[in-house]
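The residues making up each chain are set out below.
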Amino acid sequence: MKFTHDVIVIGGGAAGLTAAGGCALFGLKVALIEARKMGGECLNDGCVPSKALIAAAKRAAEANEATRYGITLEPPKVEWAGVHKHIHDAIAAIAPHDSEERFEEMGCEVFRDWAQVTGPQSVEVAWRTLTAPRIVIATGSKAALPPIEGLADVPYLTNENLFDIDELPQHLVIVGGGVIGMEMAQAFRRLGSAVTVVEPGELMGRDDPDSVAVVRETLEDEGVRFVKGLAKSVEGEAGAIRLHTPEETIEGSHLLIATGRKANCTGFGLEEIGVEMDRNGIKVDDRRRTSVKGIYAIGDCRDGPRLTHVSGYEGSNVALEITLGLPAKVDWSALPWCTYTDPEVAQIGMTEAEARERHGDKVTVVKETFHDNERALAEGADKGHLKLVLKGKKVLGASIVGKNAGELLLPFAQAITGKSSTFALGSAIIAYPTRSEISKAAAFSAWEPTVFGKVPKWWAQTLAKLRRKLA
């Protein structure tokens, strides 16, 4: 069979762009297909706009602390039009990195239309039939909608339209206490909205409860209200929404649904050619291969962790496998993630609960607080801690809550994967004063019982006696 391309990539988000760009840079003939905006969810209605909004909210929060460090600030004046512009300026600044033109320069043939997979090696797009020995599905995800009675009849927001609203919500009611819900709750509260978060389960349920407790207390101090209950029904109109739980009715001006993501994998002809689906996405093995030979699925469209850096990682793996024939299995043992509240919550590897469930009493935990970190004390931002989860001296995971917590994950990624160790980290020379010193302190604490144990003490005392005799 004569192929039009070496590989066809469907989806121009983080996963698809990484895979397509990697294959093109190796000289393969690549077809890259994206019907909507290049850059996908992360650039257009996910990571980039949300972090831009959080940055604006942080400026307002700083100004709201009228007098601090001996400096008096004027109360903030929030102009939503300016915040909106900042968000979209950030998107525009980053967009060229993900643009059609950039990937054409890399050597990709870019198609801006919907794709239909018609066979294990064929795709129809823009009235053309493309063929290739390898197809990569990277169609991403969309907001998951909970079964709330009346939801379809009222105006509601998801991350896909939240950043396009033309006014600051007077009272934002958020259904969902996960990453998106918590980040947006704090951001909009800091900008001046009243905020209520409705969540039937635990807030930020995949994170360490000790870390989450610090964030919840902070948000409550800032005025965010939490309601533990199931959102049963909703009614109303623009500017006047009434959300009903079994316990109470919550009235607000805007409703944000933040109950997770759902794989976007239907409507592309995949099931018709035999691609198997899992509970929430395309079924893949640890090399991201689907049930149909030659077809891969990466990023949010397959069942598994949904994070931008995971999409990039999988895109790189698949590009290496397609271009160089190097089988690349995913490894989640050092999977990191971060929630960009203030303070941030960062996690890598196992939480304490996950480790104890798997390894029982073989698990030990070392905890260092930012109250003992001199940079944190000097900045007046000493809220939070670092929890190191160990089996012997092996790092299984780390949970951090505090200012810039996500920046402190790297050494533990190396320790978990065996590219470093707690001994190496504990004996490293780290610039003073920095927040990174808390990582060294935790790593040293893991070795403290050994370093100052019976044998080292005996040896030190023996040497001291010998020196006294020889002096």
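Note that the structure is predicted; figures quoted are calculated from it, not measured. (Residues numbered from 1 in each chain as written. Predicted model: local features only at pLDDT ≥ 70, side-chain atom pairs only at ≥ 80, totals over all residues. Heavy atoms only, no water.)

This paragraph deals with helix α8 (residues 308–324). Taking 1.5 Å per residue as the helical rise, α8 with its 17 residues ought to reach 24 Å, and the 24 Å between its terminal C-alpha atoms agrees with that figure. Lining the buried residues of α8 we find β1 (7–10), α1 (14–25), β9 (134–137) and β21 (295–297). Count one or two residues on from α8 and you reach G325, which has phi positive near 70°. (Helix = DSSP H or I, 4+ residues; strand = E, 2+ residues; numbered from the N terminus. Expected span 1.5 Å × (residues − 1). Contact = heavy atoms within 4.5 Å.)

Right, let's get into the UniProt feature "domain: Pyridine nucleotide-disulphide oxidoreductase dimerisation" (unreviewed entry) in the protein chain. Annotation from UniProt places "domain: Pyridine nucleotide-disulphide oxidoreductase dimerisation" (unreviewed entry) at residues 336–441. Between the end C-alpha atoms of residues 336–441 the distance is 21 Å, and the span holds 29% helix and 31% strand. (UniProt positions renumbered as here; feature names shortened; annotations may be inferred.)

L53, L162, I174, M184, F188, V195 and L256 are the most contacted members of the largest nonpolar core, which totals 39 residues. Taken together, the elements giving at least two residues each to this core come down to α3 (47–64), α4 (80–94), β11 (171–175), α6 (179–191), β12 (194–198) and α7 (209–222). Top contributing element to this core by residue count: α3, with seven residues. Counting residues in each nonpolar core, the second largest holds 24 residues, with C338, A398, L408 and L425 among its members. (Core = buried A, V, L, I, M, F, W, Y, C linked by side-chain atoms within 4.5 Å. Buried < 20%, exposed > 50% of the residue type's maximum accessible area, 1.4 Å probe, protein only.)

Read from one edge of the open sheet, three strands run β14-β15-β16, paired in antiparallel fashion. With one partner strand each, in any of the chains shown, β14 (233–237) and β16 (249–252) form the two edges of the open sheet. Here the average twist between neighbouring strands, direction ignored, is 15°. With four bridges connecting them, strand β15 (residues 240–244) and β16 associate as antiparallel partners. The residue of β16 that forms the bridge with R242 is E251. (Pairing = 2+ DSSP bridges. Axes fitted to C-alpha atoms, helices over the stretch in contact; angles between N-to-C directions.)

The next subject is a nonpolar patch on the surface. A contiguous nonpolar patch, built from F26, L320, L324 and L326 and spanning about 370 Å² of accessible area, is present on the exposed surface. Structurally, L326 is set in the loop between α8 and β22 (336–339). Judged by its relative accessible area of 45%, L326 falls in the partly exposed class. (Patch = residues over 30% accessible without salt bridge, like charges linked within 9 Å, V, L, I, M, F, W, Y side chains within 5 Å. Areas by Shrake-Rupley, 256 points an atom, 1.4 Å probe, with all protein chains shown as cover. Salt bridge = Lys/Arg side-chain N within 4 Å of Asp/Glu carboxyl O.)

Tallied over the entire structure, the rule returns 25 salt bridges. Measuring nitrogen to oxygen at the nearest pair gives 2.9 Å for the salt bridge that ties R190 to E222. Of this pair, R190 sits in helix α6 while E222 sits in helix α7, and the two are 32 residues apart along the sequence. Using a relative accessible area of 25% as the deciding quantity, one classes E222 as partly exposed. Notably, a salt bridge pairs R289 with D285, separated by 2.7 Å at the nearest N-O pair.

This brings us to α6. For α6, built from 13 residues, the straight-helix expectation of 18 Å at 1.5 Å per residue is met to within 8% by its first-to-last C-alpha distance of 19 Å. Where burial is concerned, most of α6 is hidden: ten out of the 13 residues are buried. Residues of α6 that are buried include every one of G181, M182, E183, M184, A185, Q186, A187, F188, R190 and L191, and no others. In the segment just after α6, G192 is the residue with positive phi, at about 120°.

We now examine the pairing of strand β26 (residues 394–402). Judged by how many residues are buried, β26 sits mostly within the fold: eight of nine residues are covered. Relative to β26, strand β23 (residues 344–349) is paired through six bridges, and the arrangement is antiparallel. Considered in β26, the bridge of E344 is made with G402. For strand β25 (residues 385–391) and β26, the ladder comprises seven bridges, and the chain directions are antiparallel. Across the sheet, residue L388 finds its bridge partner in β26, namely A398. Here β25 folds back onto β26 in antiparallel fashion, the turn holding two residues, of which G392 has a positive phi close to 70°.

Let us look at the sheet that holds strand β5 (residues 108–111). In sheet architecture, strand pairing relies on hydrogen bonds along the backbone and comes in two forms, parallel and antiparallel. Strand order in this open sheet of five strands is β5-β2-β1-β9-β21, and the pairing throughout is parallel. Every interior strand has two partners, whereas the edge strands, β5 and β21, have only one. Along the sheet, successive strands turn relative to each other by an average axial angle of 20°, direction set aside. In this sheet, β5 lies alongside strand β2 (residues 30–33) in parallel orientation, the contact comprising four bridges. Across the sheet, residue V30 finds its bridge partner in β5, namely C108. Where α1 meets the sheet, it contacts β1, β2, β5 and β9, and its direction lies at approximately 160° from that of β2.

Turning next to the packing of aromatic side chains. Within a pair of aromatic rings, the relevant descriptors are the distance that separates the centres and the angle that separates the planes. Evaluation of the coordinates by the stated rule reveals three aromatic pairs. Here the basic side chain of R435 rests over the ring of F370, its NZ or CZ set 5.3 Å away from the ring centre. (Phe/Tyr/Trp six-rings, centres within 6.5 Å; stacked < 30°, edge-to-face > 60°. Lys NZ or Arg CZ within 6 Å of the ring centre and 35° of its normal.)

You can see I137 is positioned in strand β9. By relative accessible area, which is 2% here, I137 ends up buried. Each C-alpha atom, one on I137 and one on L470, is 75 Å from the other, the two residues being 333 residues apart in sequence. I137 has contacts with I10, V117, L270, I282, I295, Y296, A297, I298 and C301, leaving out every residue within four places of it along the chain.

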